[in-house]
Each structure stands twice: as structure tokens, then as C-alpha cells.
Amino acid sequence: MTLTKKQTKQLRALGQKLSPLLIIGKNGITDATIKQADETIEKRELIKCQVLPDIGVDAKEAAQELCDKLHAEVVQIIGNRFVIYRESHRDDIEKIRLVRE
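Now for a description of the structure that goes with this document. (Residues numbered from 1 in each chain as written. Predicted model: local features only at pLDDT ≥ 70, side-chain atom pairs only at ≥ 80, totals over all residues. Heavy atoms only, no water.)

What to know about the sheet that holds strand β2 (residues 46–51)
An order of β1-β2-β4-β3 is seen for the four strands of this open sheet, with the pairing classed as mixed. On the outer flanks of this sheet lie β1 (20–24) and β3 (73–78), each paired with one strand and no other. Looking at each pair of strands side by side, their axes are set apart by 25° on average, direction ignored. Pairing between β3 and strand β4 (residues 81–85): five bridges, direction antiparallel. The partner of Val74 across the bridge, within β4, is Ile84. Sitting on the sheet, helix α2 (residues 31–44) touches β1, β2 and β4, and the angle it makes with β1 is about 165°. (Pairing = 2+ DSSP bridges. Helix = DSSP H or I, 4+ residues; strand = E, 2+ residues; numbered from the N terminus. Axes fitted to C-alpha atoms, helices over the stretch in contact; angles between N-to-C directions. Contact = heavy atoms within 4.5 Å.)

Here is the structure:
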């Protein structure tokens, strides 16, 4: 699923209020990081991540790698933080209602 411009704008607005829930440290993106990101994005659909400085990976690379592994979409990358989105498969959470074009 590819996000439209309006949907990306909507998710960016929602993402601004978020605190980083996933911190990518000196070990980079490990299996444990992917598992944690998968569980978190399944609960919340939209998560903000932070990449610590001087670890050899920038936010753009980390966002792309995580999105490839989680089948998610990059919403926004600013500095060392990025926001990603994936629709949840769970029925027990409140889902983000994306705008339709």
C-alpha cells in the first residue's frame, strides 16, 4: 500500500506529537530491534524512531531498512528521527482513519 500525499500529510501531523518509542543504538538494526518495532507498530500503527549519533547509520538508511523488513511506509525523516506507518492487523486497537482522496 502506498500512501497518498494527503495521507502522508495527515500522518506527519499525528507524528509530530509522538515521542520516539524505538531508539536505534550502536548495534544498529538487530533482530531484537525489528521484533520490538514490529510489536510497537502493530499496537500503534504510527511510531517515531530515533537514531543515535555516530553509529554508522543515518535516519534515512535506518528508516528504509526498517520499512523494508516491516512492510511499512516512511512518513517523515527529520534529522536523526523518523516516523513510520503500517496498518495494524489487530482488531482490539483504535485504528488511524486515513483520509481518502
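A few points about the environment of Cys49
Relative to the helices and strands, Cys49 resides in strand β2. For Cys49, a relative accessible area of 0% corresponds to the buried category. As a C-alpha pair, Cys49 and Leu18 span 31 residues in sequence and 9.5 Å in three-dimensional space. (Buried < 20%, exposed > 50% of the residue type's maximum accessible area, 1.4 Å probe, protein only.)

Some remarks on the pairing of β4
The buried count for β4 comes to four of five residues, which makes it a mostly enclosed element. Note that β2 and β4 share five bridges and pair antiparallel. Of the residues in β4, the one forming a bridge with Lys48 is Val83. Between β3 and β4, which pair antiparallel and follow one another directly, the connecting turn spans two residues, one of which, Gly79, has a positive phi of 60°.

Some thoughts on helix α1 (residues 5–15)
Along α1, the residues that are buried comprise Gln7, Thr8, Leu11 and Gly15. Considered in projection along α1, the buried side chains sweep an arc of 100° and stay on one side of the axis. Pointing more than 90 degrees away from the buried face of α1 are the exposed residues Lys5 and Lys9. Close packing links the buried residues of α1 with β2, β3 and β4. (Arc of directions from axis to C-beta.)

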